[in-house]
Amino acid sequence: MADPANQSALVTGVTGQDGSYLVELLLAKGYTVHGLMRRTSTFSTERIDHIYQDPHESGARLFLHFADLTDASALSRLLHEIGPDEVYHLGAQSHVRVSFDQPIYTADATGVGALKLLEAVRDYRDTTGKTVRFYQASSSEMFGKVHEVPQRETTPFHPRSPYGVAKVFAHWATVNYRESYDLHASCGILFNHESPRRGETFVTRKITRAIGRIKHGLQDKLYLGNLDAKRDWGFAGDYVEAMWLMLQQDEPDDYVIATAETYSVRAFCEAAFGRVELDYKDFVEIDPRYFRPAEVDILLGDPTKAKTKLGWEPKVSFDELVAMMVDADLELAAREKTLTDAGHVIVPPMGE
Ligand code: NAP
Ligand code: F7E
């Protein structure tokens, strides 16, 4: 294994949930980290502000670069400019429901974006002769209408959304570059993973955000869609470790990363509202707006291969995850309440 202190990594999706945890992990190991972020009209670095380092200061090891996943020339230029040892491709339009509203953009950013980055990596490797290892953020959404339970690396894909279709494309593009061009490229087929940094429009965070606001009198109701869908929910901090482990292996490969437990959205509601001694039935209402044209009914992963080959296991249990998220959102809502009482206008989180 190479000495991490001399290693550099490029992380796409650095402003996202996983990007923030992965950057923390890589910096702690001694890596120099380059994050790719897109230009937005407001600040989008909230999740990494606590680890931001002024690039002018000596010893800085986190550098941010503007590029969009749809811009092949920017990706190629960045690869040549940075010359990373490892590339973690986490950037994507990652919301399943939104992918039905934006199917073409999702295909472009989430699907073809991965191919553009693979091309940039291949070109950089071929031009310079330098080895680059590549991680693709594949998803359990690729299993969609599942062909078996639990799902493992050999389970056939049957995506149920434009997002799932785009991820299947990106997944096979990565496998193809491994097989065609001898690229050290691995795919992590990650099942749902959550945290207090989870985007507020994903169901777990939507629930825990609402609980905090309900407890502090800032919100009365929570509108959700399908409560019967089941997901294999783990903690994002555990899952980024699996990404790193994949790129430390001699041979590239694909791995399911999951907890091997599944719970319904209803069960998540029960556990999360239960944490603050409330009954979810008193607050949750169903809004058909949040149903999807095609649903993924059950996801349950079998992480045996990751355990055997990578020595990876999830550390945070379902109950611990729920408690961590509820507690963090109670604190956030308490701060919002203080601001509201002082006359500030706090815009409630939007659904989806
Ligand atoms: P996330 O919080 O939604 O983060 C996505 C990141 O991609 C953000 O930094 C976002 O930037 C960036 N991005 C989106 N479109 C882009 C574009 N056109 N150009 C450049 N950057 C762009 O997602 P996550 O939960 O951290 O997930 C990380 C990756 O794992 C994603 O590829 C996701 O599809 C995949 N995945 C996630 C899960 C899960 O349960 N979390 C499971 C399996 C796979 P902004 O901050 O500007 O929006
Ligand atoms: O939905 C149901 C919804 O949006 C979970 C992404 O990270 O994980 C994520 O995709 C379930 C679905 O995540 C609401 O119908 C009910 O069955 O939290 P979610 P997701 O669709 O599983 C995979 C692995 C990824 O790769 C994706 O990038 O919850 N649900 N009511 C709802 N979902 C939302 N968002 N909002 C609701 O009101």
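Residues numbered from 1 in each chain as written. Chains lettered and ligands numbered in written order. Predicted model: local features only at pLDDT ≥ 70, side-chain atom pairs only at ≥ 80, totals over all residues. Heavy atoms only, no water.

Peer 1: Can you walk me through the site of ligand 2 in this structure?
Peer 2: Near ligand 2, the surroundings consist of 24 residues, among which Ser94, Ser139, Arg292, Glu295 and Glu352 are the closest. Here an oxygen atom of ligand 2 sits 2.8 Å away from a polar atom, N or O, in the side chain of asparagine 192. Between glutamate 352 and ligand 2, the recorded distance is 2.6 Å, taken from a backbone N or O atom to a nitrogen atom. The fraction of the free accessible surface of ligand 2 (700 Å²) that becomes covered by protein chains is 96%. Contributing elements (two or more residues each) for the shell around ligand 2: α6 (203-215) and β8 (222-224). When its residues are assigned to classes, the shell around ligand 2 shows nine nonpolar, eight polar and seven charged. Two domains share the shell around ligand 2, each providing at least three of its residues, namely domain 1 (4-196 + 233-257) and domain 2 (203-229 + 262-298 + 317-341). (Near = heavy atom within 4 Å. Polar contact = N/O pair within 3.5 Å; in protein donor to acceptor, adjacent residues only side chain to side chain. Areas by Shrake-Rupley, 256 points an atom, 1.4 Å probe, with all protein chains shown as cover. Helix = DSSP H or I, 4+ residues; strand = E, 2+ residues; numbered from the N terminus. Nonpolar A, V, L, I, M, F, W, Y, C, P; charged D, E, K, R; others polar. Domains from an automatic or database assignment.)

Peer 1: Any chance you could explain the site of ligand 1 here in plain terms?
Peer 2: For ligand 1, the set of nearby residues contains 26 residues, the closest of which are Thr15, Asp18, Arg38, Ser94 and Tyr163. Here alanine 92 contributes a backbone N or O atom positioned 3.1 Å from an oxygen atom of ligand 1. One of the side-chain nitrogen or oxygen atoms of serine 94 is found 2.7 Å away from an oxygen atom of ligand 1. Contact with the protein chains covers 90% of the free accessible surface of ligand 1, which is 900 Å².

Peer 1: What exactly am I supposed to notice about the domain arrangement of the protein here?
Peer 2: For the protein, the domain assignment lists domain 1 (4-196 + 233-257) and domain 2 (203-229 + 262-298 + 317-341). Relative to domain 2, the C-alpha centre of domain 1 lies at a distance of 28 Å. Taken together, the contact pairs 15 residues of domain 1 with 21 residues of domain 2. Summed over both sides, the interface of domain 1 with domain 2 buries roughly 1,500 Å², with 69% coming from carbon and sulfur. Between domain 1 and domain 2 we count zero salt bridges in total. (Contact = heavy atoms within 4.5 Å. Buried area = accessible area lost by both parts, 1.4 Å probe. Salt bridge = Lys/Arg side-chain N within 4 Å of Asp/Glu carboxyl O.)

Peer 1: Any chance you could explain helix α7 (residues 236-247) here in plain terms?
Peer 2: Side chains that are three or four residues apart share a direction in an α-helix, a result of its 3.6 residues per turn. Taking 1.5 Å of rise per residue, 12 residues should cover 16 Å, and α7 covers 18 Å from first to last C-alpha, within 8% of that figure. Counting buried positions over the 12 residues of α7 gives 11, a clear majority of the element. (Expected span 1.5 Å × (residues − 1). Buried < 20%, exposed > 50% of the residue type's maximum accessible area, 1.4 Å probe, protein only.)

Peer 1: What is the right way to look at the nonpolar core in this model?
Peer 2: Side chains of a nonpolar character, in soluble globular proteins, are inclined to be buried together. Counting 59 residues, the largest nonpolar core has Leu22, Leu26, Tyr88, Tyr135, Ile207, Ile257 and Phe273 as the members making the most contacts within it. Among the elements that take part in this core, α7 stands out by supplying nine residues, more than any other. When residues of this core are assigned to domains, at least three map to each of domain 1 (4-196 + 233-257) and domain 2 (203-229 + 262-298 + 317-341). Not counting residues within four places of it along the chain, the set of residues in contact with isoleucine 207 comprises Leu222, Leu224, Val265, Phe268, Cys269, Ala272 and Phe273. (Core = buried A, V, L, I, M, F, W, Y, C linked by side-chain atoms within 4.5 Å.)

Peer 1: In this structure, what is going on with the pattern of salt bridges? I would like to understand it.
Peer 2: Between side chains of opposite charge, a pair can form as their charged atoms come close. Taken as a whole and assessed by the stated rule, the structure comprises 28 salt bridges. Ionic pairing is found between glutamate 241 and lysine 315, a salt bridge with its closest N-O pair at 2.9 Å. Residue glutamate 241 is located in helix α7, and its partner lysine 315 is located in the loop between α9 (304-310) and α10 (318-341); the two are separated by 74 residues in the primary sequence. Here glutamate 241 falls in the partly exposed class, since its relative accessible area comes to 27%. Its salt-bridge partner being lysine 309, residue aspartate 253 comes within 3.8 Å of it at the nearest N-O pair.

Peer 1: Sorry, what's going on with helix α4 (residues 103-128) here?
Peer 2: A rise of 1.5 Å per residue sets the reference length of α4, with its 26 residues, at 38 Å; its end C-alpha atoms lie 36 Å apart and thus fit the reference within 8%. Residue valine 112 marks the point of greatest curvature in α4, where the axis turns by about 40 degrees. Just beyond α4, the residue with positive phi is glycine 129, at close to 80 degrees. (Bend = angle between axes of the 7 residues up to and from the residue.)

Peer 1: Please clarify how the sheet that holds strand β11 (residues 254-257) should be interpreted in this entry.
Peer 2: Two orientations exist for strands paired in a sheet by backbone hydrogen bonds: parallel and antiparallel. Ordered by their spatial adjacency, seven strands build an open sheet running β3-β2-β1-β4-β5-β6-β11, and the pairing between neighbours is parallel. Each of the sheet's edge strands pairs with one partner strand only, and the pair in question is β3 (62-66) and β11. Direction aside, the axes of adjacent strands within the sheet are offset by 20 degrees on average. Bridge count between strand β1 (residues 8-12) and strand β4 (residues 86-89): four bridges; the pairing is parallel. Looking at the pairing, leucine 10 lines up with valine 87 of β4. Each of β1, β4 and β5 (133-139) is contacted by α4, which is oriented at about 175 degrees to β4, the strand it contacts most. Sitting on the sheet, α7 is in contact with β4, β5, β6 (184-190) and β11, with an inclination near 155 degrees to β6. (Pairing = 2+ DSSP bridges. Axes fitted to C-alpha atoms, helices over the stretch in contact; angles between N-to-C directions.)

Peer 1: Mind showing me how you'd approach the packing of aromatic side chains here?
Peer 2: Where two aromatic rings form a pair, the distance of their centres and the angle of their planes describe that pair. Throughout the structure, instances matching the rule amount to 12 aromatic pairs. Considering the side-chain rings of tyrosine 177 and tyrosine 181, the 4.9 Å spacing of their centres and the 70 degrees angle between planes classify their relative orientation as edge-to-face. Linking tyrosine 177 with tyrosine 181, this pair stays in helix α5 (residues 162-181), spanning four residues, or about one helical turn. Judged by its relative accessible area of 7%, tyrosine 177 is buried. (Phe/Tyr/Trp six-rings, centres within 6.5 Å; stacked < 30°, edge-to-face > 60°.)

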